[in-house]
Amino acid sequence: PPPPPPARLMLKDNKNLIIAGIVVFLDITEQKRAEQDQATLAAIVQDSDDAIISKDVNGVIKTWNRGAQNLFGYRAEEAIGRPISIIVPPELQSEEQGILHRLMGGERIKNFETVRLTKDQRRIWVSVTASPLSDSQAKMRGASTIVRDVTAKKRAVEAVIAAHELRTPVTGFSLLLQFAQMQLEKNNRPVDLVTLKKLRTQIDRLSRLVVDLLDVSRMERGALKLKTAPTDLHSIIAECLDTWKLQAPARAITLSEPAQPIEINVDRDRIFQILSNLLDNALKYTPANTPIEVVVETTPELVRVSIKDHGPGIDDRQQAALSNPFERGAGDPEEQAGGLGLGLFVCRGIIELHGGKIGLKSKLGSGSTFFFELPKTLESRKAA
């Protein structure tokens, strides 16, 4: 508000003529300095390279600086008044609610790394620092959040992980070749079947890693395309199960599905890839003596395929992270299983290109069910 005018006191004689006056001046130097400081701070916030966003207790965006516009692509007039969920991936909505709950409890969150969405639906890694905002009665009225793009840093870490994981099968393949060569040179004997199987295992593993890396690269560039055609979903599932029964004949895999045909417009190879990935995870991370259940359900609008295991389950924190690239589930099989943790990230991207969604239901000690849903009427956004 503007400073108050100087207080004036006038003295008049009996003819109502002014004979004297007193003027009281108030020193408002500190007030003006505070206003200047606030204006300077507002300018710094507005021009910051970091995204600085404030939201109310309901998660509605109240302020949005130039850094936020540059990072997320929304102009201030597009973002202010909308829920903060516009920049949060669907599977991380509960994470954002948890952040807000912690802030309401007075906690300050510092350098929390997660994934956020841009206006054009790109996923970026960010570091979030959030502080509660309180009114004069110490009642929380919202939160101030600083968001910094750390995608480049994460990519550098991922490159190291990728190099390590790729080196493992290459090293194994090289050693097996040396062993086979020694057999031939010393004994003039052909390579035995066991060695050939080990060589094939390393090649298959290397191939999967390379395919996953290429798919992630295509997804991040928006270059992953679908080749959709009317397809009977039963035939894809049957082919995938037959393949896995050959690879893991000792494992019990059951199938429950409707008797009638399920014709849907999909990319057959990509749906096979998703089924294979989910079955691989179920078999890899659950005990050998437990069954894997495949369930197909339909409604007038969609088809749902579920892969259920009876393993140890996954806690809430890991569930939120699993759809991010280079994330893997915990558990004792993890180290020997290897891999880059890209499979579920790629699956999510493929299903979303089909206009569907992928999800997980799990509880520690009660197993996990991964599922994906596809609309029966499909016009893919990026079909070739």
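Residues numbered from 1 in each chain as written. Predicted model: local features only at pLDDT ≥ 70, side-chain atom pairs only at ≥ 80, totals over all residues. Heavy atoms only, no water.

Quick look at the pairing of strand 12 (residues 302-308) now. Of all seven residues in strand 12, five are buried, a share of seventy percent or more. As defined by bridge partners, strand 11 (residues 292-298) adjoins strand 12 across six bridges and the pair is classed as antiparallel. When the bridges of strand 12 are listed, Thr-298 appears paired with Val-303. Hairpin geometry of strand 11 and strand 12 is characterised by an intervening segment of three residues between the two adjacent antiparallel strands. Here seven bridges tie strand 12 to strand 14 (residues 368-375), and the two strands are oriented antiparallel to one another. Note on strand 14: the bridge partner recorded for Ile-307 is Phe-370. (Buried < 20%, exposed > 50% of the residue type's maximum accessible area, 1.4 Å probe, protein only. Helix = DSSP H or I, 4+ residues; strand = E, 2+ residues; numbered from the N terminus. Pairing = 2+ DSSP bridges.)

Let us now look at the sheet that holds strand 12. Adjacent strands of a sheet pair through backbone hydrogen bonds, lying either parallel or antiparallel. Reading across the sheet, the five strands line up as 9-11-12-14-13 and stay open at both edges, with mixed pairing between neighbours. Edge strands, defined here as strands with exactly one partner in the open sheet, are strand 9 (253-256) and strand 13 (357-362). Neighbour to neighbour, the strand axes of the sheet diverge by 15° on average, direction disregarded. (Axes fitted to C-alpha atoms, helices over the stretch in contact; angles between N-to-C directions.)

A positive phi angle is found at Asn-111, which is not glycine, with a value near 55°. Here Asn-111 is to be found in strand 5 (residues 109-117). Judged by its relative accessible area of 48%, Asn-111 falls in the partly exposed class. Backbone geometry at Gln-121 places phi at a positive 70°, although glycine is not the residue there. Relative to the helices and strands, Gln-121 resides in the loop between strand 5 and strand 6 (123-134).

Quick look at the nonpolar core now. Grouped together as the largest cluster of nonpolar side chains are 39 residues, with contacts concentrated most on Leu-233, Ile-271, Leu-275, Leu-279, Val-305 and Phe-372. At the level of elements, helix 7 (233-247), strand 10 (263-266), helix 8 (268-284), strand 11, strand 12, helix 11 (343-353) and strand 14 are the ones that each hand at least two residues to this core. If we ignore the near neighbours within four places in the chain, the residues touching Val-305 are Leu-233, Ile-237, Leu-275, Val-294, Val-295, Val-296, Phe-370, Phe-371 and Phe-372. With 21 residues, the next largest nonpolar core counts Ile-53, Tyr-74, Ala-79 and Trp-125 among its residues. (Core = buried A, V, L, I, M, F, W, Y, C linked by side-chain atoms within 4.5 Å. Contact = heavy atoms within 4.5 Å.)

This part covers the sheet that holds strand 7 (residues 140-149). Spatial ordering of the open sheet is given by 4-3-7-6-5, a layout of five strands whose pairing is antiparallel. Where the open sheet ends on each side, the last strands, each with one partner, are strand 4 (61-64) and strand 5. Averaged over all pairs of adjacent strands, the angle between their axes in this sheet comes to 30°, without regard to strand direction. Strand direction decides the pairing type here: strand 6 and strand 7, joined by nine bridges, are antiparallel. Directly across from Ala-130, in strand 7, lies its bridge partner Thr-145. Helix 4 (residues 93-104) rests against strand 3 (51-55), strand 5, strand 6 and strand 7 of the sheet, and its axis sits at about 155° to strand 5.

Attention now goes to helix 11. Within helix 11, 10 of the 11 residues are buried, which leaves the element mostly enclosed by the surrounding structure. Where helix 11 terminates, the next one or two residues include Gly-355, which has phi positive at roughly 85°.

Moving on: the environment of Ile-52. By the secondary structure assignment, Ile-52 is in strand 3. For the pair Ile-52 and Arg-148, spaced 96 residues apart in sequence, the C-alpha to C-alpha distance is 8.9 Å.

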